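# Structure at a glance
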Amino acid sequence: MAKITYIEHGGAEHVIDVKSGLSVMEGAVKNNIPGIDADCGGACACATCHVYVDDAWREKTGKPSAMEESMLDFAENVEPSSRLSCQIKVTDDLDGLIVRMPESQH
Amino acid sequence: MGDKALGVVIIGAGHAGGTAAALLRQYNYEGPITMIGDEPIAPYQRPPLSKAWLKGEADADSLALKPQSFYADVAIDMFLSTRVMKIDRVAKTVSLSDGRQIAYDFLILAMGARARTLPIPGADLAGVLCLRSAADAESLKSALGPGKRLAVIGGGYIGLEAAASARVLGADAIVIEREPRILARVACQVLSDFFTDYHRARGVEFEVAAMVEGFKGKDGHVTGVRLGDGRTIACDVALVGVGAPPNDELAREAGLHCENGVVVDDHARTHDPAVFAIGDVAWRPMPRYERMFRLESVANALEQARQAASAITGRPVPPHEVTWNWSDQYDLKYQFAGMPFDADDIVVRGDPAAAKFAVFHLKGDVVEAVEAVNAPAEFMAGRQLIGQRRPISRVRLADMTVSMKEVAA
C-alpha cells in the first residue's frame, strides 16, 4: 500500500491509498480521478496516462522502457520528469509519491 | 440541475456506457444516473479477453473499469442482468425486462455490438464459441490447454489474438479465413503477410480462401470444421470471429435513424436531442475523412463517451481525435491509427523481417493511416501527422536514418 498524491493540472489534489501491485494509472482511474485517461487500459499503447513525477521521487520510480520513451517522445508537453503512469508499479517504497498531471491527455 | 431532474439513463454497461456514467459524475452532473446492462457484472475492459486475460496474465479485478464500490459511492444506479425491452421517446421512459419503467431527461444508447453467428449446420454444437463477453472468454479459456486444438473461423484481430494466446497456453491452433489473406478487411497486404509468417513460425496453421460449410460433432460437441472443398479440419473447440453487427434494434424500434448503427452527430447525439448513441453501436461522423463510419474500438467508445457527457453537462465539444486501436500478439505490439479510405499508396518504414516496422498509407504526400508493429514512435508521429494533414517527404519517411521527429518536423 502506498499513499499517492495526484495533482490535477488546475491544482486540485487527491490523496489516495493505492494497493501494491497496481499501477499509478490504475490508482487514479479506479478512483475516478480526472486527468488520467488511460484509454488503452495499461497496455502502453496510447500515452493518455502521462504524468510528471515529483523530482524527489524520480529515482524511486525508475526509468522508462524504450517502448515507453518512444511513446512519451510524441506526447504533448513532455518534460524530463514525464512518465506513463501505467508503467509505474506501486510498491510500499512509493508511499508518499506525488504526481502531477498535464493540461490534457489528448 | 434542478430538483426535478429525471436524470440520465444509459442502456448498456460496457466500456462506453460505464465510461459515460463515470464522466458525467466527473463533470459534476448532479441528477440521477441509471445504467442498465444485460451481463451479470459491472463494466469491464473487453480488449484483454483475447489477450492478457486469456493467457492468464490478468484477473477479473484488473478487468473491471471501476471497483464494485464506486457506483454506489457516486450514486450511479446499476441494473445488471437486465434488458431494456422498449424505449418510449415521447414519454421519455425505458421499460425493463423486470417490468420496471424509468424516466429520463437524457438517454445514452451504448448497447454495443454482438458476435456474428454463422447460419450453417452444427453452429449450435457445444464448443462452437464466440468471444465478446467475459463469460465467452471463460468458456474459451477452459477449453484451451496442452493437447487441445483450436479452430478459428475468421482471420481478424480477435481470431489472431486467440490463436496466439492458444499457442502460449500450449494448444494447437488453425485459422480458417474466407478471403485469400488474413486481416483482409482491416489491414494491408504487408501486414497480412507479416502476421501470417509470424504466426506460422509459432506453430499456427492457416487455411485461406476457404469456405466453412458446417461443423461436425459427436455427442453434441464439436469435433471438426467442414470446408467447402470437402475436407474436415479436426478440432476440440471452434471460435467464430467473423465480425460484430451493432445492437441497434431498440433504436430502430424507437424510430431513431439508423444506418449500420445509430446515426449520431459529432456530439454523439441522435436526431432526437435527448438521445445519444456511443461506442460500437453508433454510426458516427469521421470529420478527418469527411464520411460516416462505425468504429469498434475502445478509443471510439471513450471519445464518444466524452462527447455525450460533455453535451449533457454543457461543456464544449471535445477536440476530434484520430481514431486508433491496438492488438497484442505474442511479443508484438501492433498499433494502428487513421483509416486508409482514400489512400493511394503505401510507404514501408523499417524491416518486417525484424518485426519492427510501420506501413504508412498516403494520399499524395499526406498520411491517412499508419500500421505500426513494435514501432511506437512511428505510431505516435503517424497519428499526429494524420490529424495535421500536413504533406511529408516520402523519401525521408522511408529512411530509417531520419528519425520520426525529423520526418514530422
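The structure we're discussing is the one just above.
Structural notes, computed from the coordinates.

### Some points on the overall build of chain B
Counting its regular elements, chain B contains 11 helices and 25 strands. A compact globule built from 409 residues would reach a C-alpha radius of gyration of about 22 Å, and chain B, at 22 Å, matches this within 12%. Overall, the C-alpha framework of chain B stretches about 65 × 65 × 35 Å when taken along its three principal axes. Across the 409 residues in chain B, those meeting the buried criterion constitute 48%. Pairs at least 24 residues apart make up 61% of the contacts formed inside chain B by residues separated by at least 6 positions.

### Some thoughts on the interface of chain A and chain B
Between chain A and chain B, the residue contacts involve 15 residues of the former and 24 residues of the latter. When the residues that make up the side of chain A that touches chain B are grouped by side-chain class, the tally is eight nonpolar, four polar and three charged.

### What about the nonpolar core?
Ranked by size, the top nonpolar core spans 159 residues in total, and within it B:A20, B:L109, B:A238 and B:I278 carry the most contacts. Beyond its immediate chain neighbours, meaning those up to four positions away, B:I278 contacts B:A16, B:A20, B:I108, B:A110, B:A268, B:A301, B:Q304, B:A305 and B:A308.

### A closer look at the packing of helix α1 (residues 15–26) of chain B against helix α8 (residues 298–312) of chain B
Residue and element names in this part refer to chain B. Closest axis-to-axis distance for the α1/α8 pair is 8 Å, and the angle between their directions is 35 degrees. Pair α1 / α8 crosses with right-handed handedness. Between α1 and α8, the contacting residues are H15, A16, T19, A20, L23 and L24 on the first element and V298, A301, L302, Q304, A305, R306, A308, A309 and I312 on the second. Broken down by class, the residue content of the contact of α1 with α8 amounts to 11 nonpolar, three polar and one charged.

### Topic: the sheet that holds strand β23 (residues 345–351) of chain B
In sheet architecture, strand pairing relies on hydrogen bonds along the backbone and comes in two forms, parallel and antiparallel. Residue and element names in this part refer to chain B. With antiparallel pairing, the five strands of this open sheet are ordered in space as β21-β22-β25-β24-β23. A strand with exactly one partner marks an edge of an open sheet, and here the two such strands are β21 (324–329) and β23. Each strand of the sheet is rotated relative to its neighbour by a mean of 15 degrees, with strand direction disregarded. The pairing of strand β24 (residues 356–363) with strand β25 (residues 366–373) spans seven bridges and is antiparallel. Bridging across to β25, A358 finds its partner in A372. Here helix α9 (residues 376–388) sits on the sheet and contacts β21, β22 (332–338), β23, β24 and β25; the angle it forms with β25, its principal contact strand, is near 160 degrees.

### Observations concerning unusual backbone geometry
In this structure, A:A38 is a non-glycine residue whose phi angle is positive, near 55 degrees. Mapping A:A38 onto the fold places it in the loop between α1 (24–29) and β3 (50–53). Even without glycine at this site, B:A209 takes up a positive phi of about 50 degrees. As for its position among the elements, B:A209 is in the loop between β11 (205–207) and β12 (212–218).

Definitions and cut-offs
- Residues numbered from 1 in each chain as written.
- Chains lettered and ligands numbered in written order.
- Predicted model: local features only at pLDDT ≥ 70, side-chain atom pairs only at ≥ 80, totals over all residues.
- Helix = DSSP H or I, 4+ residues; strand = E, 2+ residues; numbered from the N terminus.
- Rg over C-alpha atoms; globule rule 2.2 N^0.38 Å.
- Buried ≥ 20, exposed ≤ 12 C-beta atoms within 10 Å, placed from the backbone.
- Contact = placed C-beta atoms within 7 Å.
- Nonpolar A, V, L, I, M, F, W, Y, C, P; charged D, E, K, R; others polar.
- Core = buried A, V, L, I, M, F, W, Y, C linked by C-beta atoms within 7 Å.
- Axes fitted to C-alpha atoms, helices over the stretch in contact; angles between N-to-C directions.
- Left-handed = near helix turned anticlockwise from the far one by under 90°.
- Pairing = 2+ DSSP bridges.

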